[in-house]
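Below, each chain spelled out in residue letters.
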Amino acid sequence: MERFKGRRALVTGGGGALGRAVVGRLQVEGAAVTVADRHDPQIPGCAFLSLDLTDAGRVASALTAIDPLDAVVHVAGGFTGGMRAWDADAGDLQKMLALNVETAWNVARAALPAMVAAGDGRLVMIGARPAVQPVDGLAAYGASKAALTHLVQTLALETRASGVTVNAVLPSVIDTPVNREAMAGADFERWVKPESLAAVIAFLCSADAADVSGALIPVYGRS
């Protein structure tokens, strides 16, 4: 199946475990993929864009240079946890807001105008289960992901007449080497596989999801 033959996609944070899975899924289905990251992950068949996503001006000029884009998947973000709200300082919250909200804001502002003008396009963000189900010790992270989900739903409203869709997936724990190392005693088989999450993201990037916008799709596996 080549749902994305002739289509161009951008994946931010494409060097991580989930990013690589998303890139691979889109490539298998025919997309020409550009990876935006701080360091080149050297994924075969992909163009690479060195990009600091917190720099709004740089993001805008970079995405303008590679238009037209049919799909943008914003995987890049950050995580911090293990502290109660009153044990965290302002820097912890600001870091999460910068990595999880500011980067998404910059990518959306850069990508959406051309998509709206073209009357077609897909923007998919990566939320998290704690955005809708708070977790003890994840106040800063959860708050930033909750803000991201609000942004996604607002953007969906603002683009609803254009043919562009904006959605988010909300994974629980993703089965990555980093998470396995951090939670060595957990049951990894209950976690969400990156490839499974990538399949949901690919659906949201496809013409099959033309009538889905503003969705916050839970992808919890068996956890």
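Rules used throughout
- Residues numbered from 1 in each chain as written.
- Predicted model: local features only at pLDDT ≥ 70, side-chain atom pairs only at ≥ 80, totals over all residues.
- Heavy atoms only, no water.
- Helix = DSSP H or I, 4+ residues; strand = E, 2+ residues; numbered from the N terminus.
- Buried < 20%, exposed > 50% of the residue type's maximum accessible area, 1.4 Å probe, protein only.
- Lys, Arg positive; Asp, Glu negative; His and termini not counted.
- Salt bridge = Lys/Arg side-chain N within 4 Å of Asp/Glu carboxyl O.
- Axes fitted to C-alpha atoms, helices over the stretch in contact; angles between N-to-C directions.
- Parallel < 35°, antiparallel > 145°, perpendicular 65-115°, else oblique.
- Left-handed = near helix turned anticlockwise from the far one by under 90°.
- Contact = heavy atoms within 4.5 Å.
- Nonpolar A, V, L, I, M, F, W, Y, C, P; charged D, E, K, R; others polar.
- Arc of directions from axis to C-beta.
- Phe/Tyr/Trp six-rings, centres within 6.5 Å; stacked < 30°, edge-to-face > 60°.
- Lys NZ or Arg CZ within 6 Å of the ring centre and 35° of its normal.

Here we look at the side chain of lysine 145
Phase 1 of the analysis: Within the secondary structure, lysine 145 sits in helix H4 (residues 139-158).
Phase 2 of the analysis: Salt bridges are absent for the buried lysine 145, whose nearest opposite-charge side chain, glutamate 102, sits at 14 Å.

With respect to the packing of helix H1 (residues 17-28) against helix H6 (residues 194-205)
Phase 1 of the analysis: In contact at an axis separation of 8 Å, H1 and H6 are set at 50° when each is read in the N-to-C sense. Accordingly, the angle class assigned to the pair H1 and H6 is oblique. The handedness of the crossing between H1 and H6 comes out as right-handed. Along its contact with H1, which presents Ala17, Leu18, Ala21, Val22, Arg25 and Leu26, the element H6 presents Pro194, Glu195, Leu197, Ala198, Ala199, Ile201 and Ala202.
Phase 2 of the analysis: Here the residues of the contact of H1 with H6 are counted per class, giving 11 nonpolar, no polar and two charged.

Examining helix H2 (residues 56-65)
Phase 1 of the analysis: If you check which residues of H2 are buried, you get Val59, Ala62 and Leu63. Down the axis of H2, the buried side of the element spans an arc of 95°, and every buried residue falls inside it. Opposite its buried face, H2 presents the exposed residues Thr64 and Ala65, each directed more than 90 degrees away.

A few points about the packing of aromatic side chains
The description of two aromatic rings rests on the distance between their centres and on the angle between their planes.
Phase 1 of the analysis: Summed over all chains, the structure comprises two aromatic pairs.
Phase 2 of the analysis: On the numbers, 4.8 Å between centres and 70° between planes, the contact of phenylalanine 79 with tyrosine 141 is edge-to-face. Of this pair, phenylalanine 79 sits in the loop between strand E4 (71-74) and helix H3 (90-118) while tyrosine 141 sits in helix H4; the two residues are 62 residues apart in sequence, bridging distant segments of the chain.
Phase 3 of the analysis: For tyrosine 141, a relative accessible area of 12% corresponds to the buried category.
Phase 4 of the analysis: Relative to tryptophan 191, the ring of phenylalanine 188 has its centre 5.1 Å away and its plane inclined at 55°; by these criteria the two rings are tilted.
Phase 5 of the analysis: Looking at phenylalanine 188, the relative accessible area reads 18%, which means it is buried.
Phase 6 of the analysis: For the cation-ring pair, arginine 129 lies above tyrosine 220, with the distance from its terminal atom to the ring centre recorded as 4.0 Å.

Function-wise, these values are silent; they only describe arrangement.
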